[in-house]
Every structure is written in structure tokens, then in C-alpha cells.
Amino acid sequence: MNLENRYYYEEGLIIDRRKIGDGDLILLFYGKEKGKYWVKAPGALKIKNRLRGKVEVITFGKGYFVKRKELDLLINWEVIERFIDIKKDVDTFIYVTSYIKRAEKFLPEGVKDKEIFDLLYSFLKEVRKTNTNILGDIFLIKLWQKLGFLPFIPTICAKCGKKLNSNEKLLLDIKDYKVYCLSCNNLDMEMDLEVINKYNEILIYDFKYIVEPNRIVDFEEIKNLMPILIKRIEQEV
Ligand SMILES: [Zn+2]
């Protein structure tokens, strides 16, 4: 490996960090070019270190790295966006980091994915503009969809083929992502068709479009599906 190849620049988000040893940090980074990976920020907690106070969780910036066999080293970090609005309110910060943590588990390491980067970034940007707590759920659904976990749920009975009406209850089989009319099955997971329609709409539209302040309020019902969906997806991984 020649010298030029040992160093590289990468823009990305710091999404988690851990303290190790004597004043060092390990950072979980989501880069535009390299996806998710851990890096070491040597001495980042030490006084007079150039990284001190800059490498916060939930920060967008440009890093200068040196390649290492184990963890690459972060040599310099130029902050582009601090997401102050998230950090100035403890509840918002906890809310955001809990969703990022939940999402992060599903992201494969070292796989470039510009759409995932954009989704993470949009989630952080949109949090400040909205005061509903379903933003995080919509973020998770979009993420799982991009990772190939979530299909559309058909709104016709999987047994008799009946098209379900908007004021009708249906039975959801979350294991196979199918629905049944009330006379065709005895599953106990009763759900309004409207919830399934909203779920399908989330899959259809872009994250930024859905989370517009005047539009996201129409998606509140997705709350009824979320616990079931989370259980289903977290079983799979
Ligand atoms: Zn039926």
C-alpha cells in the first residue's frame, strides 16, 4: 500500500460512540461512501487534542482518516452540522438516539448505501420540524423497507379474495403479511383496513414527503401496527 492510499476523506454521520482506554473514543460512523463502520479517535477526550469536543454523537462532518488493519483512525474532524435543535432538548436527544440505535442494528457494516445515508440524515433534519412522535416509526419503516424486510400488505382477503372495505375490520397475519376477512379466519389480530392502507402509503411515498408537518398527522394510526411490526422484524434479524 503506498502512502496516498493510506489516507482518505469521508463525509458522514457519527451515530454512536464509546470510550476506551485512556481518553480514546471508538466512533460508529455512517459514511456517504463507505456506509457503517467503527473508527478509533485517538486521544479525543484529552485536553489539547484537536478532536476534543468535536466528535459528538449526532454530528455530520468531514473526517480525515488513516487506514488500519483493525480500526481506521480518525485524524481530523470538520463539523458541518451539529444538529443543535436535537441536542438542546434532552427528551428529543434521547428520542433520536433510541431510534438511531434501534435502526443501526439492522445496517450491515462496510456497505455503501447512499439512500440509507440520506434517510438517516433526513430523519435528523426533520425531527426539529415536527412535534409528533410517529416520525421515528416512519423512519424505521422506511429503513426496513430499503433493507428489503417489508413488503406491501394486500388489502384483499387471502382466502376468499374479497376486497375489504374502508370501514371494515380485518385480520392481520403479520408472519406472512396477509390479511383475511372476518368470516375466513380466526386469527386474533384484528386491525382496521385504514391502518394497512397507511402502512402501504408509507412504503409508496418518500420519507420527506410523508413527514411534512401537515401530512404526518394523517399517519398517527400507524402506532397501532408498530409494536407488531417491531416484534416481527426483530425476530427475523
Ligand atoms: Zn375471506
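See the structure shown above.
Treat the numbers as computed from the prediction; the structure is a model and nothing was measured.

Cut-offs and rules
- Residues numbered from 1 in each chain as written.
- Predicted model: local features only at pLDDT ≥ 70, side-chain atom pairs only at ≥ 80, totals over all residues.
- Heavy atoms only, no water.
- Donors = N, O, S within 2.8 Å, 3.2 Å for Na, K, Ca; no water.
- Tetrahedral: all angles 85-135°; square planar, octahedral: opposite > 155°, others 65-115°.
- Helix = DSSP H or I, 4+ residues; strand = E, 2+ residues; numbered from the N terminus.
- Buried < 20%, exposed > 50% of the residue type's maximum accessible area, 1.4 Å probe, protein only.
- Axes fitted to C-alpha atoms, helices over the stretch in contact; angles between N-to-C directions.
- Parallel < 35°, antiparallel > 145°, perpendicular 65-115°, else oblique.
- Left-handed = near helix turned anticlockwise from the far one by under 90°.
- Contact = heavy atoms within 4.5 Å.

K.L.:
Would you mind going over the coordination of the zinc ion in detail, with residue names and values included?
P.N.:
Distances from the zinc ion to its protein donors, Cys157 (SG), Cys160 (SG), Cys181 (SG) and Cys184 (SG), fall within 2.3 to 2.4 Å. Metal-centred angles of 103 to 115 degrees between the four donor atoms at the zinc ion mark the site as tetrahedral. Look at where the donors of the zinc ion fall in the sequence and you get C-x2-C-x20-C-x2-C. With Cys157 in the loop between α5 (135–146) and β6 (169–173) and Cys181 in the loop between β7 (178–180) and β8 (190–192), the pair connects residues that are 24 residues apart, well separated along the chain. With a relative accessible area of 3%, Cys157 lands in the buried category. The class for Cys181 is buried, based on a relative accessible area of 2%.

K.L.:
Residues and numbers for the packing of helix α3 (residues 90–104) against helix α4 (residues 114–127), please.
P.N.:
Two elements in contact, α3 and α4, have axes whose closest approach is 11 Å; the angle formed by their N-to-C orientations is 160 degrees. Classed by the angle they form, the pair α3 and α4 counts as roughly antiparallel. Where α3 crosses over α4, the two elements pack in a sense that is right-handed. Mapping the contact onto sequence places Thr92, Val96, Tyr99 and Ile100 in α3 and Leu120, Phe123, Leu124 and Val127 in α4.

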